[in-house]
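Each chain is listed here by its residues.
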Amino acid sequence: MVSFLLSAALFLWLQATGEGLLEHYLTKSTFIEKQEKSAIPKFKTYVSEHHLSLKDHDQITAWVRDAKYISLYIYSNHKLLYSTDGYTSTAENQKVMLQPSLTHDPLLSNIEFADTTAQVYMEYFFEYKYYHIITILGVILSFLFFIVLVLFFINRKTSYIGVLENEIKILEGGNLTYPITMKGNDELSSLAESINEMRKSFIERLESEEQARVANSELVTAMSHDLRTPLTALVGYLDIIEYKKYQNNEALTKYIHSSREKAYQIKHLSDKLFEYFTVFNTEDNDLEFETYDGIQLMDQLMDEQFMLLENNGFQVEWEPGSIPFRMELHLISFRRVFDNIFSNIIKYADTADTVSIQYGITDRWLMIHIQNTIKTEAQEVHSTGIGLKTCQKIIGQHRGEIAFTRNGNQYSVNLRLLVNTALTHT
């Protein structure tokens, strides 16, 4: 379209400029006048050489056609006998007569035909020939200009395609950090943008896989250490029992009790490990979300945990929210988060201090804050962090955030989940 519009503009400019120059030349020269003066003698010669009579209309028409840009009128006895446009005087039509004003016109000449003498009048349009030439030249030049412009734009696109091809080869070579050149606003630029986004997504995927690999490696290392310790002790206790190396029945009972504790410890670690891989191998779109009344759900979940805390000697300070709301979540996964959080509180928190729990609605977010004091003997306890990683993954699947912070012996959990404002009631 750009090439066509520019070419059309060039044609109009060439046409206007050419016609102006031609008119200026014709008015300043006698070229057309010379052409007109030579036309009558040429026709006289043609009539004489071919011995034409006034009835030889076909031959006369042939000369007019060859001469071009001439209108020819032949009169005899002031009646029109021949004209280029086909009008003649007949018995029925006596109106086509030689006008008196043309009698003394220099363009009117007497020519001897084979049968009689007739008056010949010519009208000349020789300048049209050069106007046509100007038009033809303008069309040719404009078309050539159009082709050049189209080739120019095509060359720009083909050069851009070459750039994209080279950059894709660089990506194929493994250099995924090489950016794709973005140029223009058309299908090629859209394709380049898609390739660039695919490149970024692939880099993110590789980084995510690398992080997962490192995390799994660290987890396996930590779990192997945590499992080896109770497993070694369990094997030792069972060897003592099997080979009867205990001193008395009281010692036997002690070894059996210790073996049972170590077995439960191993079971707890294996359950945590199974839960971790279950959560991390579950895709976000595999979770079926349902809508729940927020206040009722929070009361139900907290009542379940309060009972466990109170049974283990904890005092709870509970500040529920007062704004009604509704939220979408996967209940089993969401309950698993609270099970992990409160199991850690039972394991590591100091029963002498209160466990503080509160939640509320801020803008479109459900904010949950849980705080407790870490007991002294748990300060140096090493943990694999499987439960915390599991909680972070689940909350991430719910489009929320969870943070675990420690300040001295104070440990707090801050969780926030997005609430659908369309389901929020005030």
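As the structure is a prediction and not an experimental result, all values here were calculated from the model.

Definitions and limits used
Residues numbered from 1 in each chain as written. Predicted model: local features only at pLDDT ≥ 70, side-chain atom pairs only at ≥ 80, totals over all residues. Heavy atoms only, no water. Helix = DSSP H or I, 4+ residues; strand = E, 2+ residues; numbered from the N terminus. Buried < 20%, exposed > 50% of the residue type's maximum accessible area, 1.4 Å probe, protein only. Contact = heavy atoms within 4.5 Å. Areas by Shrake-Rupley, 256 points an atom, 1.4 Å probe, with all protein chains shown as cover. Core = buried A, V, L, I, M, F, W, Y, C linked by side-chain atoms within 4.5 Å. Pairing = 2+ DSSP bridges. Axes fitted to C-alpha atoms, helices over the stretch in contact; angles between N-to-C directions. Parallel < 35°, antiparallel > 145°, perpendicular 65-115°, else oblique. Nonpolar A, V, L, I, M, F, W, Y, C, P; charged D, E, K, R; others polar. Patch = residues over 30% accessible without salt bridge, like charges linked within 9 Å, V, L, I, M, F, W, Y side chains within 5 Å. Salt bridge = Lys/Arg side-chain N within 4 Å of Asp/Glu carboxyl O. Lys, Arg positive; Asp, Glu negative; His and termini not counted. Charge placed at Lys NZ, Arg CZ, Asp CG, Glu CD. Phe/Tyr/Trp six-rings, centres within 6.5 Å; stacked < 30°, edge-to-face > 60°. pLDDT = per-residue confidence, 0-100.

**Quick look at the overall build of the chain**
Argument step 1. Secondary structure assignment for the chain yields nine helices and 11 strands.
Argument step 2. Burial statistics for the chain: of 426 residues in total, 31% are counted as buried.
Argument step 3. Residue pairs in contact within the chain that sit at least 24 positions apart in sequence constitute 67% of those at least 6 positions apart.
Argument step 4. When the accessible surface of the chain is totalled, it reaches about 26900 Å², and 55% of it is carbon and sulfur.

**Observations concerning the nonpolar core**
Argument step 1. Judged by nonpolar contacts, the single largest core of 33 residues is most densely connected at Ile345 and Leu366.
Argument step 2. Looking at this core, the elements that each hand over two or more residues are helix H7 (294-311), strand S7 (326-329), helix H8 (331-348), strand S8 (355-362), strand S9 (365-373), helix H9 (386-397) and strand S11 (410-418).
Argument step 3. The contacts of leucine 366, once residues within four sequence positions are left out, are Met298, Phe325, Met327, Tyr359, Gly360, Ile361, Leu415, Arg416, Leu417 and Val419.
Argument step 4. Among the nonpolar cores identified, the runner-up in size contains 26 residues, and Phe43, Ile111, Ala118 and Val120 belong to it.

**Some points on the environment of valine 120**
Argument step 1. By secondary structure assignment, the location of valine 120 is in strand S4 (residues 117-124).
Argument step 2. Placed 47 residues apart in sequence, valine 120 and tyrosine 73 show a C-alpha to C-alpha distance of 5.7 Å.

**Considerations on the sheet that holds S8**
Argument step 1. With mixed pairing, the five strands of this open sheet are ordered in space as S6-S8-S9-S11-S10. The sheet is open, and its two edges are formed by strand S6 (316-319) and strand S10 (401-407), each paired on a single side. Strand-to-strand twist across the sheet, computed as the mean angle between neighbouring axes with direction ignored, equals 10°.
Argument step 2. Of the pairings in the sheet, the one linking S8 to S9 comprises seven bridges and is antiparallel in character. Counted as the bridge partner of glutamine 358 is histidine 369 from S9.
Argument step 3. On the sheet, H7 packs against S6, S8 and S9 and is oriented at approximately 175° with respect to S6.
Argument step 4. H8 rests against S8, S9, S10 and S11 of the sheet, and its axis sits at about 15° to S9.

**Examining the pairing of S8**
Argument step 1. Most of S8 sits out of view: six of its eight residues are buried.
Argument step 2. Where S6 lies against S8, four bridges are found, and the strand directions are parallel. In the sheet register, glutamate 317 faces S8, and the bridge partner there is serine 356.
Argument step 3. The antiparallel hairpin formed by S8 and S9 contains two residues in its connecting segment, where aspartate 363 sits at a positive phi of about 55°.

**Considering the sheet that holds strand S2 (residues 79-83)**
Argument step 1. A sheet is described by the order of its strands in space; here four strands give the open sequence S2-S1-S4-S3, paired in antiparallel fashion. A strand with exactly one partner marks an edge of an open sheet, and here the two such strands are S2 and strand S3 (108-112). Pairs of neighbouring strands in the sheet enclose a mean axial angle of 35°, with direction left out of account.
Argument step 2. Note that strand S1 (residues 70-76) and S2 share four bridges and pair antiparallel. By the bridge assignment for S2, tyrosine 73 is matched with serine 83.
Argument step 3. Packing of helix H3 (residues 57-67) onto the sheet brings it into contact with S1, S2 and S4, and relative to S1 it is tilted by some 150°.

**Topic: the packing of helix H2 (residues 31-50) against helix H4 (residues 126-172)**
Working note: a packed helix pair is described by the angle between its axes plus the distance between those axes.
Argument step 1. Interhelical geometry of H2 versus H4 gives an angle of 125° and a closest axis separation of 9 Å. Comparing the axis directions of H2 and H4 gives the class oblique. Contacts between H2 and H4 involve Phe31, Ile32, Gln35, Glu36 and Ala39 from the former and Phe126, Glu127 and Tyr130 from the latter.
Argument step 2. Residues of the contact of H2 with H4, tallied by class, amount to five nonpolar, one polar and two charged.

**Description of a negative patch on the surface**
Argument step 1. A cluster of like negative charges, contributed by Glu193, Glu197, Glu204 and Glu207, occupies part of the molecular surface.
Argument step 2. Of note, glutamate 193 is situated in helix H5 (residues 187-242).

**What about the pattern of salt bridges?**
Argument step 1. This model, assessed by the stated rule, comprises five salt bridges.
Argument step 2. Note that glutamate 165 is salt-bridged to lysine 169, the shortest N-O span being 3.7 Å. Placement of both glutamate 165 and lysine 169 in helix H4 is noted, with a separation of four residues, approximately one turn of the helix.
Argument step 3. Judged by relative accessible area, lysine 169 falls into the partly exposed class, the value being 48%.

**A few points about unusual backbone geometry**
Argument step 1. Despite not being glycine, histidine 51 shows a phi value in the positive range, around 50°.
Argument step 2. For histidine 51, a relative accessible area of 62% corresponds to the exposed category.
Argument step 3. Even without a glycine there, the phi angle at arginine 399 is positive, about 60°.
Argument step 4. Summarising the element assignment, arginine 399 is placed in the loop between H9 and S10.

**Quick look at the packing of aromatic side chains**
Argument step 1. Applying the stated rule across the entire model yields 11 aromatic pairs.
Argument step 2. With a centroid separation of 6.5 Å and 35° between ring planes, the pair formed by tyrosine 46 and tryptophan 63 is classed as tilted. With tyrosine 46 in helix H2 and tryptophan 63 in helix H3, the pair connects residues that are 17 residues apart, well separated along the chain. The exposure classification of tyrosine 46 matches that of tryptophan 63, with both residues buried.
Argument step 3. Connected via pairs of aromatic rings, a cluster forms that spans Phe43, Tyr46, Trp63 and Phe113.

**A closer look at the confidence of the model for the chain**
Argument step 1. For the chain, mean pLDDT is 82; residues scoring 70 or higher make up 88% of the total.
Argument step 2. This stretch, residues 90-95, has a pLDDT under 50; its non-local contacts, to residues over four places away or in other chains, come to two contacts.
Argument step 3. Predicted confidence for residues 422-426 stays below pLDDT 50, and this span has nine contacts to residues more than four positions away or in other chains.

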